[in-house]
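Notes for the structure review
Chain by chain, the residues run as shown.
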Amino acid sequence: MPDLSLFDLSGKKALVTGAAVGIGRACAVALAKAGADVAVLDRDVKTGPKTAEEIRALGVDAFFVPCDVT
């Protein structure tokens, strides 16, 4: 994993659509590792809450919002 210390996002908020799996999940996790609190938006109501829970385990706030942006 690359060193994200150059991108300190402590105290910032991030909203990521399509964040339950794939590239969106990777972006949400990277933002959390940089210190941002993350809103996980996705239409997958089974995986989305699990992703938010995994992000909270990194020590930041995260919550899931069921959302379809189409």
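Above this text is the structure in question.
Summary of the structure given here. All values derive from a computational prediction rather than experimental measurement.

Thresholds applied
Within each chain, residues carry numbers counting from 1 in the order of the written sequence. For this predicted model, a pLDDT threshold of at least 70 governs which residues receive local features, and a threshold of 80 or more governs which side-chain atom pairs are given and counted, while totals over whole chains, interfaces and linings are taken from all residues. To get the side-chain values, all heavy atoms of the structure are used, and hydrogens and water are removed first. Only DSSP runs of H or I reaching four residues or more are called helices, and only runs of E reaching two or more are called strands; each is numbered from the N terminus. Values of the radius of gyration come from C-alpha atoms, whereas the globule rule sets the reference at 2.2 Å times the count of residues to the power 0.38. For every residue, the accessible area obtained with a 1.4 Å probe (protein chains only) is divided by the maximum for its type, and the residue is called buried under 20%, exposed over 50%, and partly exposed between those limits. Any two strands with at least two DSSP bridges between them are considered paired. Throughout, right-handed denotes a crossover for which the path from the first strand over the helix to the second runs clockwise when the strands point away from the viewer. For helices, the axis comes from a line fit to the C-alpha atoms of the stretch in contact; other axes are also lines fit to C-alpha atoms, and the angle between any two N-to-C directions lies between 0 and 180 degrees. Between two residues, a contact is recorded if the distance between any of their heavy atoms is within 4.5 Å.

1. A few points about the overall build of the protein
Check the secondary structure of the protein and you find 2 helices and 3 strands. Sequence-ordered secondary structure for the protein, helices as α and strands as β, is β-α-β-α-β. By the compact-globule yardstick of 11 Å for 70 residues, the protein fits well, its C-alpha radius of gyration being 11 Å. C-alpha atoms of the protein, sized along the principal axes, occupy 35 × 20 × 20 Å.

2. Structural notes on the pairing of strand β1 (residues 13-17)
Side chains of β1 alternate between two faces, with Ala 14 and Val 16 buried and Lys 13, Leu 15 and Thr 17 left unburied. Looking at chain direction, β1 and strand β2 (residues 37-42) are connected through 5 bridges and run parallel. Across the sheet, residue Val 16 finds its bridge partner in β2, namely Val 40. Traced from β1 through helix α1 (residues 22-33) to β2, the parallel crossover comes out right-handed.

3. So, the sheet that holds β1
Spatial ordering of the open sheet is given by β1-β2-β3, a layout of 3 strands whose pairing is parallel. In this open sheet, the two edge strands, each paired with only one partner strand, are β1 and β3 (62-66). Each strand of the sheet is rotated relative to its neighbour by a mean of 20 degrees, with strand direction disregarded. Two elements, β2 and β3, share 5 bridges in a ladder whose sense is parallel. Note that in β3 the partner of Val 38 across the bridge is Ala 62. Along the sheet face, α1 touches β1 and β2 and points at about 170 degrees away from the line of β1. Along the sheet, helix α2 (residues 48-56) makes contact with β2 and β3, crossing β3 at roughly 165 degrees.

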